[in-house]
Amino acid sequence: MTLANRLADIRDKVYAGVRLTFDDGLFLEHHADLFTLGELANFVREKKNGNITYYNVNQHLNPTNVCVYRCAFCSFRADLKSPRGYVMTDEEILQRAREASEAGATELHIVGGLHHLLPYEWYLNIIRMIHNAFPQLHLKAWTAVEWDWFERITKRPTQELLAEMKAAGLGSLPGGGAEIFHPEVRRKICDYKADAEQWLRVHREWHRMGGRSNATMLYGHIEKPEHRIDHLLRLRALQDETGGFQTFIPLAFHPSNNPLGQNIPKPSGLMDLKMIAISRLMLDNFPHIKAYWQMLTVKVAQVAQSFGADDIDGTVVHEKIYHAAGSDSPQQLTVAELRRLIEEAGRIPVERDTLYNHIVREPADVTKWTIRQPLDTQPLLEVAS
Ligand code: V47
Ligand code: SF4
């Protein structure tokens, strides 16, 4: 079969809604041109999400950067005794939550380092404390790597810890820590921390409790196309089983200030768009693909809305991980800026909460909002902070 026939075969599958195989994914990686990838991914994106691009009003909180692990790609972490290391006090954490609440945020994205000395209860208390003070904030907290660490230090099963933290106010799990699942790569870039099975197990357990989570993939370093397709298919298999993933976020490697980045350039804009498109095509059972503007730059995140993405993340504020690794994106975008960027990309901006309910704001007071179920015009719940 010629390359053109093979691509035509894949095009037919996509238009007919037939699932792509590992070999199809590898073919797309090696041979598909960017415009064909964009055309196919955009078809799937519009079938699933129409002309909408989602954004949210959120803030990030990284309570500590001290970490027992030494992932080769990480510019954020600090050693226990490093002058760069910090641990936020309860007052500082609550102040940040207050700031988010007063800015009208619906979500706090909370991840950090795995501190050598701090007990699991410190992490649990962060969730409890913020939830008690600001119950309207959805707390999307702790990556599967952190949950695995909690299990190691408490010797209690993650299932029990997830249930305990849910009772304390945990809303959902972020997608971080997935990196590249394949052991050939994983042992070189982040040996010792949770492996693929452990990462997937935490998400499976959370989904079985009715929870929702996200997934990521760190690309553009030492991995090869087959590792990326393998990664996507492992996620697709778990999604077939549980249906608990909401959005997939391909993360472009940022090479500044970390050991892995010494001889590796930052992925190009073309590579970024290709990853968005291939993710959209392979992950046929994921509702959303996010072009995280902080990581991709605003410009690429805008173009990505025509290459398979239907989400751009949110206002963000206080981003540390990418800025430590050389990102020159702004620290935050206002809602007006996000909406303008989305409209300029030819899409309809829709504010969502973490669980993809549509949010309607009171124009006179941004801290008051109404949650609507997607495609439902009846307000379900009035929330005022
Ligand atoms: O797990 C760390 C990555 C992740 C670098 O769930 C790096 O909505 C590139 O997961 N270059 C954390 N990537 C960020 C994350 C995330 C971000 C936005 C939204 C969501 C969500 C999740 O950042 C880490 C790691 O994979 N990372 N260092 C780096 N130098
Ligand atoms: Fe620690 Fe996470 Fe950085 Fe790895 S990526 S060193 S686990 S903070």
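The structure this text deals with has already been given above.
Since we're looking at a predicted model, the values are computed, not measured.

Colleague: Before we move on, could you go through the environment of Ala194 and cite the residues and values that matter?
Modeller: The residue Ala194 is located in the loop between helix 8 (183–189) and helix 9 (196–208) in this model. Taking the C-alpha atoms as reference points, Ala194 and Ala309, separated by 115 residues in sequence, lie 28 Å from one another. In contact with Ala194, other than residues within four places in its own chain, are Val145, Asp148, Arg152, Arg186 and Trp199.

Colleague: With reference to specific residues and values, describe the pattern of salt bridges.
Modeller: With the rule as written, the count across this model stands at 26 salt bridges. The residue Glu107 makes a salt bridge to Lys140 at a minimum N-O spacing of 3.4 Å. Residue Glu107 is located in strand 3 (residues 107–110), and its partner Lys140 is located in strand 4 (residues 138–141); the two are separated by 33 residues in the primary sequence. With a relative accessible area of 1%, Glu107 lands in the buried category. A salt bridge links Arg340 to Glu344; the nearest nitrogen and oxygen atoms lie 2.9 Å apart. Of this pair, Arg340 and Glu344 both sit in helix 15 (residues 335–344), four residues apart, which is roughly one turn of that helix. Salt bridges linked by common partners bring Arg6, Asp9, Lys13 and Asp24 together as one network.

Colleague: Describe in detail the packing of helix 4 (residues 90–102) against helix 5 (residues 120–133), supporting the description with residues and values.
Modeller: A pair of packed helices is characterised by two quantities: the angle between their axes and the separation of those axes. Viewed as axis vectors pointing N to C, helix 4 and helix 5 meet at an angle of 40 degrees, and their least axial separation amounts to 10 Å. Classified by the interaxial angle, the pair formed by helix 4 and helix 5 is oblique. Relative to helix 5, the crossing made by helix 4 is right-handed. Contacts between helix 4 and helix 5 involve Asp90, Ile93, Leu94 and Ala97 from the first element and Trp122, Asn125, Ile126, Met129, Ile130 and Ala133 from the second. Classifying every residue of the contact of helix 4 with helix 5 gives eight nonpolar, one polar and one charged.

Colleague: Summarise the packing of helix 6 (residues 144–154) against helix 9; cite the residues concerned and give the values.
Modeller: Relative to each other, helix 6 and helix 9 sit at 95 degrees, their axes nearing to 9 Å. The pairing of helix 6 with helix 9 is recorded here as roughly perpendicular in orientation. Listed contacts from helix 9 to Ala144, Trp147, Asp148, Glu151 and Arg152 of helix 6 are Gln198, Trp199, Arg201, Val202 and His203. The class makeup of the residues in the contact of helix 6 with helix 9 is four nonpolar, two polar and four charged.

Colleague: Summarise the site of ligand 2; cite the residues concerned and give the values.
Modeller: Taken together, Cys67, Tyr69, Cys71, Phe73, Cys74, Phe76, Arg77, Leu114 and Lys193 make up all the residues around ligand 2. For the shell around ligand 2, the per-class residue count stands at seven nonpolar, no polar and two charged.

Colleague: Which residues make up the site of ligand 1, and what values go with them?
Modeller: Around ligand 1, 23 residues are found, and the nearest of them are Phe73, Lys140, Gly177, Glu179 and Lys290. In the environment of ligand 1, a nitrogen atom lies 2.8 Å from a nitrogen or oxygen atom belonging to the backbone of His254. Here an oxygen atom of ligand 1 and a side-chain polar atom of Lys290 are 2.8 Å apart. Protein chains shield 95% of the accessible area of ligand 1, which is 610 Å² for the free molecule. Elements with a contribution of two residues or more to the shell around ligand 1: strand 6 (213–219), strand 7 (245–252) and helix 14 (321–324). For the shell around ligand 1, the class distribution of residues is 11 nonpolar, eight polar and four charged.

Colleague: Which residues make up the sheet that holds strand 9 (residues 311–314), and what values do they have?
Modeller: If you trace the three strands from one edge of the open sheet to the other, you get 9-1-10, paired in parallel fashion. Unpaired on one side and paired on the other, strand 9 and strand 10 (348–351) mark the two borders of the sheet. Pairwise comparison of adjacent strand axes, ignoring direction, gives a mean angle of 25 degrees for this sheet. One ladder, built from two bridges, connects strand 1 (residues 52–56) with strand 9; its direction is parallel. Bridge pairing links Tyr54 to Asp311 in strand 9.

Colleague: An account of the packing of aromatic side chains is requested, with residue identities and associated values reported.
Modeller: Following the criterion strictly, the structure yields 13 aromatic pairs and no others. Taken together, a centroid distance of 5.3 Å and an interplanar angle of 85 degrees make the contact between Tyr54 and Tyr356 edge-to-face. With a gap of 302 residues between them, Tyr54 in strand 1 and Tyr356 in the loop between strand 10 and strand 11 (358–362) connect regions that are remote in the sequence. Residue class for Tyr356 comes out buried when judged on its relative accessible area of 6%. Its end group placed over the ring of Tyr356, Arg352 keeps NZ or CZ at 4.4 Å from the ring centre.

Colleague: Talk me through the environment of Arg201; I want residue IDs and the actual numbers.
Modeller: Within the secondary structure, Arg201 is located in helix 9. By relative accessible area, which is 23% here, Arg201 ends up partly exposed. Sequence separation between Arg201 and Leu94 is 107 residues, and the spatial gap between their C-alpha atoms is 31 Å. With residues near it in sequence (within four places) discarded, Arg201 still touches Asp148, Glu151 and Thr158.

Parameters and conventions
Residues numbered from 1 in each chain as written. Chains lettered and ligands numbered in written order. Predicted model: local features only at pLDDT ≥ 70, side-chain atom pairs only at ≥ 80, totals over all residues. Heavy atoms only, no water. Helix = DSSP H or I, 4+ residues; strand = E, 2+ residues; numbered from the N terminus. Contact = heavy atoms within 4.5 Å. Salt bridge = Lys/Arg side-chain N within 4 Å of Asp/Glu carboxyl O. Buried < 20%, exposed > 50% of the residue type's maximum accessible area, 1.4 Å probe, protein only. Axes fitted to C-alpha atoms, helices over the stretch in contact; angles between N-to-C directions. Parallel < 35°, antiparallel > 145°, perpendicular 65-115°, else oblique. Left-handed = near helix turned anticlockwise from the far one by under 90°. Nonpolar A, V, L, I, M, F, W, Y, C, P; charged D, E, K, R; others polar. Near = heavy atom within 4 Å. Polar contact = N/O pair within 3.5 Å; in protein donor to acceptor, adjacent residues only side chain to side chain. Areas by Shrake-Rupley, 256 points an atom, 1.4 Å probe, with all protein chains shown as cover. Pairing = 2+ DSSP bridges. Phe/Tyr/Trp six-rings, centres within 6.5 Å; stacked < 30°, edge-to-face > 60°. Lys NZ or Arg CZ within 6 Å of the ring centre and 35° of its normal.

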